[in-house]
Amino acid sequence: MNPEPGGSRVLPWLGALLGVLWFVALGGGRALDPTYLDWLGWGDWTKSILGWWFVRDAPWSFPLGRTPDLMTPLTTTVGFTDSTPWVSLALKPFARWLPQDFQFIGLWLVSCLALQGFMGVKLMALLTPRAAHQLLGAALFVLAPVLVFRFGHDALCAHWMLTALLWMHLTPRPDTGSAWRTLRGALLLNVFAAGIHPYLTVMVFALSTALVVNMAWREKLLTWRQAGLALLGGGLAVSGVFIALGYVGQDVRGTTQGFGVYSADMLALFNPMGWSRALPWLPSRMEQYEGFGYLGTGVLGLALVALLAGSPSVWWSQARAQARAHAPLLIVVGLLALLAFSTTMTFGGVTVLSMRKLAGPLMPLLGMFRASGRFIWPLHYVVLTGILALVVWRWRRHPAIVTFVLSGALLIQIADTEELWAQKRFRPAPWPRLRAAEWEHLDPSYRHVKLFPPSIHGSEMPCVQSTFAPDDYVRWGDLAYRKGMSTNSGYAARFNEQHVQESCAALEAEVAQGRLADDTLYVVDPPKLALFERLGERVTCGTVEGFKVCVATREGRFRDALLTTASRQPMTNNPR
């Protein structure tokens, strides 16, 4: 690997520009408006938005990022709502000046692409001194299908951190001082990753561990004692962030049921899963979308050209030398790939090896990362880097050929990206919002919105089963946020099912005993409406926007509005 050439400070910023242009080409231009919500009304984006909104107005507390008014009385934080904790907390002090409907997802996604292009140029600069080759290679990092594929789960799009770690691995270090500077950069990445998403944290920490080991073993720049202290310091820093953000210590538990299901197939790097307009969708299990690792048609074509043009003996010795020089990196990436394949390894959707019984004692740990297929991403980027390195090295004396084959691969990658032509990623998706005039009459005395039963997305407790639509919790969460109220429903990546059951039982007892609170809106699942009707004059119910809403207060503008709706429509009618 060659050191970065001097005078290349502008090129990384051009790489960042490539990321911005790709974002706009995919249809994301309007998403850069932080007040535009009508592309976010589906999937995990709603969870992220509600988490950010409820933390922006919440009082500062420990752990940081608590959202006491979301999913009350359950405990959750912006980490469990995947609301990109560091960004949410950085914006929180400015909440009073930000528009009420402010969202940062569009800005976050474009920044991820821009940083991917920036780091792509930095990485390519280690392979070639030519600006054109650096930009063409960086463009292939920007166009990596695994990155745009994750746009629906925005916190997981910071793939530039993985690219940055690869750059650190490949950067020559002439002395101990440069090694420690690299480790400081790696520590910052680990701290940042810990406040973005746990899955990325595991990948970043694993790649950092390989970096430290390589410095002690292959490069001889650190003693093993220094390496151990560096790893201990990194582990303590990550643990401290996890504690501060409430990922641990909140009695919130995950489930092990998805591990081995949301995995990566062994053909993940070659399976387009609908991403390609030319290549077929290879067999795989439906849930293995989490293990999407497709390299892209252009990159696969580039690999074929590089591997088949000439005798393998020409480049094999060079490849082996590089593999030996970066053995810790390849070992760690291989282990992450095995974790991605999980204990139930499949090839083309067919199980070829099951190790579930053998791994049984480890399931409490492994089950924390049930969507293990995501750990295929480091392998994706290592293979992409290897292909680009091979192309540059093979035709190092013929730069025009390198330019030609990289340009061809890039054009194929663009042309065969289904997302570019379908423009699905930013399709109109109106934000679920209650808009009836009755909500304008909502008295300030109302402090809580309680769905009965609670709508807890992902809970398996029988008590939360209802006829509410899957996104109804978003509508009521939105109303609660805009009116400064709390809501007992929502969507979090992790919660305690026992606490869900206790919350359900407390609400059921409240209703059964007629102890309805005057400061609460009760949104009632129609089959449960009889429990409220039997309370007679102690409760006022009506239908607003198809929802059955009941209150216990005896006066107020909103109660009067409910009485009006009740007179227009029989209580037992359910238009929804």
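None of the values given here were measured: they were computed from a predicted structure. (Residues numbered from 1 in each chain as written. Predicted model: local features only at pLDDT ≥ 70, side-chain atom pairs only at ≥ 80, totals over all residues. Heavy atoms only, no water.)

**Brief notes about the pattern of salt bridges**
In the structure shown here, the tally under the stated rule is 13 salt bridges. A salt bridge links Lys 47 to Asp 82, with the shortest nitrogen-to-oxygen separation between them at 2.9 Å. Of this pair, Lys 47 sits in helix H2 (residues 44–56) while Asp 82 sits in the loop between H2 and helix H3 (85–91), and the two are 35 residues apart along the sequence. Considered together, Lys 47 and Asp 82 belong to a single accessibility category, that of buried residues. Arg 277 is the salt-bridge partner of Glu 418, the closest N and O atoms lying 3.8 Å from each other. With a gap of 141 residues between them, Glu 418 in helix H17 (residues 418–422) and Arg 277 in the loop between helix H10 (224–244) and helix H11 (297–308) connect regions that are remote in the sequence. Residue Glu 418 is classed as partly exposed on the basis of its relative accessible area of 24%. (Salt bridge = Lys/Arg side-chain N within 4 Å of Asp/Glu carboxyl O. Helix = DSSP H or I, 4+ residues; strand = E, 2+ residues; numbered from the N terminus. Buried < 20%, exposed > 50% of the residue type's maximum accessible area, 1.4 Å probe, protein only.)

**What to know about the packing of helix H4 (residues 105–124) against helix H5 (residues 131–142)**
Between two packed helices, the angle of one axis relative to the other and the distance separating the axes together describe the packing. At a minimum axis separation of 8 Å, H4 and H5 run at an interaxial angle of 140 degrees. Classified by the angle their axes make, H4 and H5 are oblique. The hand of the H4/H5 crossing is right-handed. Residues Leu 113, Gln 116, Gly 117, Gly 120, Val 121, Leu 123 and Met 124 of H4 lie in contact with H5, whose contacting residues are His 133, Gln 134, Leu 135, Gly 137, Ala 138, Phe 141 and Val 142. Of the residues contributing to the contact of H4 with H5, the split by class is 8 nonpolar, 6 polar and no charged. (Axes fitted to C-alpha atoms, helices over the stretch in contact; angles between N-to-C directions. Parallel < 35°, antiparallel > 145°, perpendicular 65-115°, else oblique. Left-handed = near helix turned anticlockwise from the far one by under 90°. Contact = heavy atoms within 4.5 Å. Nonpolar A, V, L, I, M, F, W, Y, C, P; charged D, E, K, R; others polar.)

**Observations regarding empty space enclosed by the protein**
Tallying each qualifying case throughout the model produces 4 cavities of 30 Å³ or more. As a volume, the largest cavity reaches approximately 50 Å³. Looking at the largest cavity, the residues that line it are Leu 74, Thr 75, Gln 250, Asp 251, Val 252, Phe 495, Asn 496 and His 499. Grouping the amino acids of the lining of the largest cavity by side-chain chemistry returns 3 nonpolar, 4 polar and 1 charged. Considering only enclosed or pocket space, the second largest cavity measures out at about 40 Å³ in volume. Taken together, Val 55, Ala 58, Pro 59, Trp 60, Ser 61, Gly 65, Arg 66, Leu 89 and Lys 92 form the lining of the second largest cavity. Of the residues that constitute the lining of the second largest cavity, the class distribution is 5 nonpolar, 2 polar and 2 charged. (1 Å grid on protein atoms, 1.4 Å probe; cavity = no way out; pocket = protein on both sides within 12 Å on 5 of 7 lines; lining within 4 Å. Points joined across faces, edges and corners; volume = space filled by probe spheres on them.)

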